Amino acid sequence: MPSIQENLEKVVALLPEGVQLVAVSKFHPVEELAEAYAAGQRLFGENRAQELVAKAPQLPADIRWHFIGHLQKNKVRSIMPYVTVIESVDSVQLLQLIEKEAARIDRNVEVLLQLHVAQEETKSGFSVDEVLEAAEAGLLTENLPHVRVCGVMAMASLTDDMEQVAREFDLVRRTYLTLKDGAFDESEDFNHLSMGMSDDWQVAVKYGATLVRIGTAIFGSRNY
Ligand SMILES: *Cc1c(COP(=O)(O)O)cnc(C)c1O
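Residues numbered from 1 in each chain as written. Predicted model: local features only at pLDDT ≥ 70, side-chain atom pairs only at ≥ 80, totals over all residues. Heavy atoms only, no water.

Looking at unusual backbone geometry
Positive phi values are uncommon outside glycine, yet Phe27 reaches one of about 70°. When you line up the elements, Phe27 lands in the loop between β1 (20-24) and α2 (30-38). Relative accessible area serves as the criterion here: at 25%, Phe27 is assigned to the partly exposed category. (Helix = DSSP H or I, 4+ residues; strand = E, 2+ residues; numbered from the N terminus. Buried < 20%, exposed > 50% of the residue type's maximum accessible area, 1.4 Å probe, protein only.)

As structure tokens, this is what we get:
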């Protein structure tokens with residue numbers, strides 16, 4: 001079996017310039033994250049608050065942690081000291097709570113707006129209409145002094161139909177551009193499109209992804 005370092009090098013070599021890799025380390029032990037760190041990886045993605053809070057203090061401080069899972073309101077406070085980017089903001093209420101908790105410890109936090117474009121109902125995120133309405137109402141840009149809204153995140157449907165996946169990524173890209181040219185046209189931060197996982201990141205990159213979130217292709221399969 002290839003090592004984590006070899007897997008990482010293979011992915012990184014294929015990434016076009018300007019696309020950053022978030023190594024999705026959920027369910028993998030800190031030793032494996034340390035291996036990826038030693039190979040040069042600095043962006044890591046976790047999807048459960050408790051796991052992030054347990055792992056972060058055991059690893060070097062220059063890791064940038066991306067939170068990528070559904071974030072319960074009562075977990076925002078616990079991740080706030082560790083997280084660099086909360087990629088999974090799926091409601092205005094959550095955004096406001098993140099502002100409040102960031103202000104409480106006097107820090108700034110970057111976030112992405114998660115869009116729901118997949119067929120599965122279980123996935124979370126704003127619908128396209130919801131995010132555009134919230135933007136129109138100023139709810140994504142006003143009164144958020146401790147939050148930098150840096151773009152959009154999405155997951156495509158879990159399917160082998162790559163045309164379906166491509167249509168979804170295209171919708172995400174168009175929605176991102178509508179926001180970028182609209183509510184966020186004065187923002188210097190709104191530059192990121194996070195989409196693409198182990199099985200579909202090459203499609204995502206074609207549709208303009210600037211961040212890809214890859215777990216299995218680096219760390220192997222997860223034992224849930
Ligand atoms: C687990 C996860 C990934 C990585 O998935 P792989 O198929 O293992 O690459 C990416 N994004 C999110 C939101 C995830 O939960």
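Still to come is the rest of the account.
As for the site of the ligand
Neighbouring the ligand are the residues Val24, Lys26, Ile68, Met155, Met197, Ser198, Arg213, Ile214, Gly215, Thr216 and Arg222. Here an oxygen atom of the ligand and a side-chain polar atom of Lys26 are 2.6 Å apart. The separation between an oxygen atom of the ligand and a polar main-chain atom of Gly215 is 2.8 Å. Surface burial for the ligand is 92%, taken as the share of its 390 Å² of free accessible area covered by protein chains. Split by residue class, the shell around the ligand holds five nonpolar, three polar and three charged. (Near = heavy atom within 4 Å. Polar contact = N/O pair within 3.5 Å; in protein donor to acceptor, adjacent residues only side chain to side chain. Areas by Shrake-Rupley, 256 points an atom, 1.4 Å probe, with all protein chains shown as cover. Nonpolar A, V, L, I, M, F, W, Y, C, P; charged D, E, K, R; others polar.)

Considering a negative patch on the surface
Among the surface-exposed residues, Asp129, Glu130, Glu133 and Glu136 lie close enough to one another that they form a single negatively charged patch. Along the polypeptide, Glu133 turns up in helix α6 (residues 128-136). (Patch = residues over 30% accessible without salt bridge, like charges linked within 9 Å, V, L, I, M, F, W, Y side chains within 5 Å. Salt bridge = Lys/Arg side-chain N within 4 Å of Asp/Glu carboxyl O. Lys, Arg positive; Asp, Glu negative; His and termini not counted. Charge placed at Lys NZ, Arg CZ, Asp CG, Glu CD.)

Focus on the environment of Leu95
Summarising the element assignment, Leu95 is placed in helix α5 (residues 92-104). Separated by 39 residues in sequence, Leu95 and Ala56 place their C-alpha atoms 23 Å apart. Beyond its immediate stretch of four places on either side in the chain, Leu95 contacts Val89, Val111, Leu139, Leu140, Leu144 and Val147. (Contact = heavy atoms within 4.5 Å.)

Some details on the packing of α6 against helix α7 (residues 162-181)
Where α6 meets α7, the axes come as close as 11 Å, and the angle between the chain directions of the two elements is 5°. When the interaxial angle is binned, α6 and α7 end up roughly parallel. Of the residues in α7, those touching α6 at Val128, Val131, Leu132 and Ala135 are Leu171, Thr175, Thr178 and Leu179. Counted by class, the contact of α6 with α7 contains six nonpolar, two polar and no charged residues. (Axes fitted to C-alpha atoms, helices over the stretch in contact; angles between N-to-C directions. Parallel < 35°, antiparallel > 145°, perpendicular 65-115°, else oblique.)

Let's talk about the pairing of strand β6 (residues 147-155)
Of all nine residues that make up β6, seven are buried, and the element is covered over most of its length. With seven bridges connecting them, strand β5 (residues 109-116) and β6 associate as parallel partners. Along β6, the bridge assignment pairs Gln114 with Met153. With respect to chirality, the unit in which β5 leads through α6 into the neighbouring parallel β6 is right-handed. Sheet topology places β6 next to strand β7 (residues 192-194); three bridges connect them, and they run parallel. Paired with Val152 across the strands is Leu193, a residue of β7. (Pairing = 2+ DSSP bridges. Right-handed = clockwise from strand over helix to strand, strands pointing away.)

Describing the pattern of salt bridges
Using the criterion set out here, one finds 10 salt bridges in the structure. Residue Asp170 pairs with Arg173 through a salt bridge whose shortest N-O separation is 3.1 Å. In this pair, Asp170 and Arg173 are both assigned in helix α7, three residues apart and thus about one turn of the helix distant. Exposure remark for Arg173: the relative accessible area of 28% places this residue in the partly exposed category.

Describing the environment of Val131
Within the secondary structure, Val131 sits in helix α6. You can call Val131 buried: its relative accessible area is 0%. The sequence separation of Val131 and Ala54 amounts to 77 residues, and the corresponding C-alpha distance is 32 Å. Here Val131 is in contact with Leu113, Leu115, Phe126, Leu140, Thr175 and Leu179, once residues within four sequence places are set aside.

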